[in-house]
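Chain by chain, the residues:
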Amino acid sequence: NGLLKEATGATLAIHPADAETLKNPMQSLLAFTGKLKPSPPPDMLVNEGDIIKAGSLELEVIHTPGHTPGGISLKVGSNLFTGDSLFAGSIGRTDFPGGSYKTLIESIVRKLLRYPDATIIYPGHGPSSTIGEERKYNPFLS
């Protein structure tokens, strides 16, 4: 986070339920990557329904806990950036501290699957998909 902020001037935003993890490399699992330097503190805390402005874009915060207590997805127009909540054909891990399979499935069903089938999802990594494809083929959601 520090390198990215320094290189780009980016604002660091996080849900309050995950903010403490930025201070502790063991809690955020950074220690397992060999990176022991904690993140800089967040510039802003974001909650469900907040709007983040990035240039001409408006990103609506959707709180999707489960992978972490403060997991979020971002709605931009008719697109969803789902982070580590929903992937093409899969879902985020829930075996880390604070993760909950039940909570993640509830988040996906109640907060993401309510969007139209044509809504494109962009996960935190891996290929994009659509809500319709995930509703129909994702084995974790059937």
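Just so it is clear, the model here is predicted, and its values are computed rather than measured.

Draft legend 1. The sheet that holds strand β3 (residues 51–54), seen in detail. In space, the six strands of this open sheet follow the order β3-β4-β5-β6-β9-β10, with mixed pairing throughout. Unpaired on one side and paired on the other, β3 and β10 (129–130) mark the two borders of the sheet. Relative to strand β5 (residues 72–76), strand β4 (residues 57–63) is paired through four bridges, and the arrangement is antiparallel. Across the sheet, the residue bridging to Ile-62 is Ser-73, located in β5.

Draft legend 2. Spotlight on the nonpolar core. Ranked by size, the top nonpolar core spans 13 residues in total, and within it Leu-80, Leu-86, Ile-91, Ile-108, Leu-112, Ile-131 and Leu-141 carry the most contacts. When residues of this core are assigned to their parent elements, the largest contribution, four residues, is made by helix α2 (residues 101–112). If we skip the residues at most four places from it in the chain, Ile-131 touches Leu-80, Leu-86, Leu-112, Leu-113, Tyr-115, Pro-116, Asp-117, Thr-119 and Ile-121. Counting residues in hydrophobic clusters, the runner-up holds six residues, among them Val-46, Ile-52, Val-61 and Val-76.

Draft legend 3. Seen up close, the pattern of salt bridges. Going through the model one piece at a time under the given rule, you end up with seven salt bridges. Here Glu-48 makes a salt bridge to Lys-111, at a shortest N to O gap of 3.0 Å. A residue pair is termed long-range when its members are at least 10 positions apart, and Glu-48 in the loop between β2 (44–45) and β3 and Lys-111 in helix α2 qualify at 63 residues. The partly exposed category is assigned to Glu-48, whose relative accessible area is 39%. Among the ionic pairs, Lys-102 bridges to Glu-106, the shortest N-O distance being 2.9 Å. With Lys-102 and Glu-106 both in helix α2 and four residues apart, this pair spans about one turn of that helix. According to the relative accessible area criterion, Glu-106 is partly exposed, its value standing at 34%.

Draft legend 4. Geometry of the environment of Glu-6. Position of Glu-6 among the secondary structure elements: in helix α1 (residues 2–8). For Glu-6, a relative accessible area of 71% gives the class exposed. Residues Glu-6 and Glu-134 lie 128 residues apart in sequence; the distance between their C-alpha atoms is 37 Å.

Draft legend 5. The side chain of Glu-134, seen in detail. Looking at where Glu-134 falls in the secondary structure, it is placed in helix α3 (residues 131–137). At 2.7 Å, the side chain of Glu-134 forms a polar contact with the backbone nitrogen of Gly-89. Excluding residues that lie within four positions of it along the chain, Glu-134 makes contacts with Leu-86, Phe-87, Ala-88, Gly-89, Ser-90, Ile-121, Ser-129 and Leu-141.

Draft legend 6. Expanded view of the environment of Ile-105. Structurally, Ile-105 can be placed in helix α2. A relative accessible area of 18% means that Ile-105 is categorised as buried. Here the alpha-carbon distance between Ile-105 and Ile-121, two residues 16 residues apart in the chain, equals 16 Å. Excluding residues within four positions of it along the chain, Ile-105 makes contact with Ile-91, Phe-140 and Leu-141.

Criteria and cut-off values
Residues numbered from 1 in each chain as written. Predicted model: local features only at pLDDT ≥ 70, side-chain atom pairs only at ≥ 80, totals over all residues. Heavy atoms only, no water. Pairing = 2+ DSSP bridges. Helix = DSSP H or I, 4+ residues; strand = E, 2+ residues; numbered from the N terminus. Core = buried A, V, L, I, M, F, W, Y, C linked by side-chain atoms within 4.5 Å. Buried < 20%, exposed > 50% of the residue type's maximum accessible area, 1.4 Å probe, protein only. Contact = heavy atoms within 4.5 Å. Salt bridge = Lys/Arg side-chain N within 4 Å of Asp/Glu carboxyl O. Polar contact = N/O pair within 3.5 Å; in protein donor to acceptor, adjacent residues only side chain to side chain.

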